[in-house]
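# Structural overview for review
Residue strings, one per chain:
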Amino acid sequence: MRTRFAILLFLLFSLMDLQAQKLDILLKGGHLIDPKNNIDKLMDVGISDGRIAEVAANIPRERAVKIIDVSGLYVAPGLIDMHVHVFMGNDPGAYIANGATSVMPDGFTFRSGVTTVVDAGSSGWRNFPLFKEQTIDKAKTRVLALLNIVGKGMHSRFEEQDVTDMNPVMTSNMITKLYPDILVGIKSSHYWGDFTQVDRAVEAGKMAKVPVMVDFGEHDPPNSIESLFMEHLRPGDMFTHTYSYGPNERETIVDENGKVKPFVFEAQKRGIVFDTGHGGGAFSWRQAVPATQQGFKADVISTDLHTQSMNGGMKDLSNVMSKFMAMGFTLKEVISRATWAPAQVIDRPDLGNLSVGTEADVAVLGLREGDFGFLDIRGKRLPGKRKLEAEITIRAGKVMWDLNGRAAEDFK
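Residues numbered from 1 in each chain as written. Predicted model: local features only at pLDDT ≥ 70, side-chain atom pairs only at ≥ 80, totals over all residues. Heavy atoms only, no water.

## Here's the deal with the side chain of Thr 393
If you trace the backbone, Thr 393 turns up in strand β16 (residues 381-395). Judged by relative accessible area, which is 0%, Thr 393 ranks as buried. If sequence neighbours within four positions are ignored, Thr 393 has contacts with Phe 110, Gly 113, Val 114, Thr 115, Val 362, Lys 398, Val 399, Met 400 and Trp 401. (Helix = DSSP H or I, 4+ residues; strand = E, 2+ residues; numbered from the N terminus. Buried < 20%, exposed > 50% of the residue type's maximum accessible area, 1.4 Å probe, protein only. Contact = heavy atoms within 4.5 Å.)

Written out as structure tokens, the structure reads:
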């Protein structure tokens, strides 16, 4: 009896402490969608000391220092863009690695609800330290990265063919021994040959116990994606540019008769992760629409953000998510594919959710109704009735983006 009484007393005091806890920010009246915790309803979110302190209905207003009224808006975990290129620099002749094709993350993340990005192989083991010093350490956005199997990363298309610079041991060592908290996987991309680069990347992935992402284009004739999915990649490895159409250089998931190839469904069941990786040349309605209609849906929605994609068909992550809604995805499905789904792929369960105790990365999204148009990379338009817009983005408990000043005091 005494033990039971002590437990009840402890729970009572814990509840009283929770109810008395002062909140730095209270997001009041929003519709919370948190796929990990299976929440899809009106809920308040309390933030204290940069972390999620409480998620509940009707948290008392008097407990908060700052109250942000988010009635009529959707509250979600901070979005994760799992495919970007942010190793920006001015190395003459460089393409993406320390080059002008990459972008600085903070200028393009918060305004679309993104709090975490994963750089998709811009750097390799030779130049990752420079990338970290130059970009990652200076960004307010959380920047994680896939390490390219090529030591120089995406410095140029020519250097990406250098088999002698594809070193699984050095790649694995950099991930496991030097930067395990930042490097979350390995990238294979832009290789003109056979499966050599993929196999080297998978070898490194096995050593480091991390997933591999493959950009399997630029082969003439195209290599077999069925072989890639079923013989070379492991469950948990990623195929990016899922909806690309360039049949002379890469095999497509939808055939010329508009049918999804049966082995694509089998590959997804096997555990191959299909990443959108929209980019400037890798998202076509003639692939995405029939695939969706036939029940095949990419596992992760991402942008492939860089200077050659951000002003074309791809605008930002919220726009790409809106495209998927125009194809029939639900709001919950697109939020899941930009939060909890990528967090699981990169094995970061601390991200992509609003569980109590997690770092307070939050996206507050408006869902506009109207007549909108969405473009693929060939400039073809698909109409849509709904469009997501980031109203507020909070990173580690700080408001980083406030489209309409909802977190501010009125001018008097």
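Having put the structure on the table, let's press on.
## Considerations on helix α8 (residues 317-326)
Counting buried residues along α8, nine of its 10 residues qualify, which places the element largely inside the surrounding structure. Among the residues of α8, those classed as buried are Leu 317, Ser 318, Asn 319, Val 320, Met 321, Ser 322, Lys 323, Phe 324 and Met 325. Next to the buried residues of α8 lie β8 (79-84), β9 (114-124), α7 (285-293), α9 (331-336), β15 (362-375) and β16.

## Overview of the pattern of salt bridges
The tally for this structure, following the rule as stated, stands at 21 salt bridges. Put simply, Glu 54 and Arg 63 hold a salt bridge, and the shortest N to O gap is 2.8 Å. Accessibility expressed as a relative area gives 13% for Glu 54, which makes it buried. Relative accessible area serves as the criterion here: at 8%, Arg 63 is assigned to the buried category. For the salt bridge of Arg 395 with Glu 359, the shortest nitrogen-to-oxygen distance reads 3.5 Å. Taken together, the residues Arg 395 in strand β16 and Glu 359 in the loop between α10 (340-345) and β15 connect sequence positions 36 residues apart. Residue Arg 395 is classed as buried on the basis of its relative accessible area, which comes to 14%. (Salt bridge = Lys/Arg side-chain N within 4 Å of Asp/Glu carboxyl O.)

## As for the pairing of strand β3 (residues 39-42)
As paired elements, strand β2 (residues 31-34) and β3 share four bridges and run antiparallel to each other. Residue pairing in the sheet places Asp 34 in a bridge with Ile 39 of β3. (Pairing = 2+ DSSP bridges.)

## Topic: the confidence of the model for the chain
On average, the chain scores 94 in pLDDT, and the residues at 70 or more come to 95%. When the criterion is pLDDT under 50, residues 1-18 qualifies, and its contacts beyond four places in sequence or with other chains add up to three contacts. (pLDDT = per-residue confidence, 0-100.)

## Thoughts on the pairing of strand β11 (residues 183-189)
The element β11 is largely enclosed, with a buried count of seven among its seven residues. Bridging between strand β10 (residues 142-148) and β11 involves four bridges; their strand directions are parallel. In the strand pairing of β11, Ala 145 is matched with Leu 183. For the crossover from β10 across helix α3 (residues 168-178) to β11, the handedness is right-handed. Relative to strand β12 (residues 212-215), β11 runs parallel, the two sharing four bridges. Looking across to β12, one finds that Ser 188 is bridged to Val 214. A crossover links β11 with its parallel partner β12, the connecting element being helix α4 (residues 196-208), and its sense is right-handed. (Right-handed = clockwise from strand over helix to strand, strands pointing away.)

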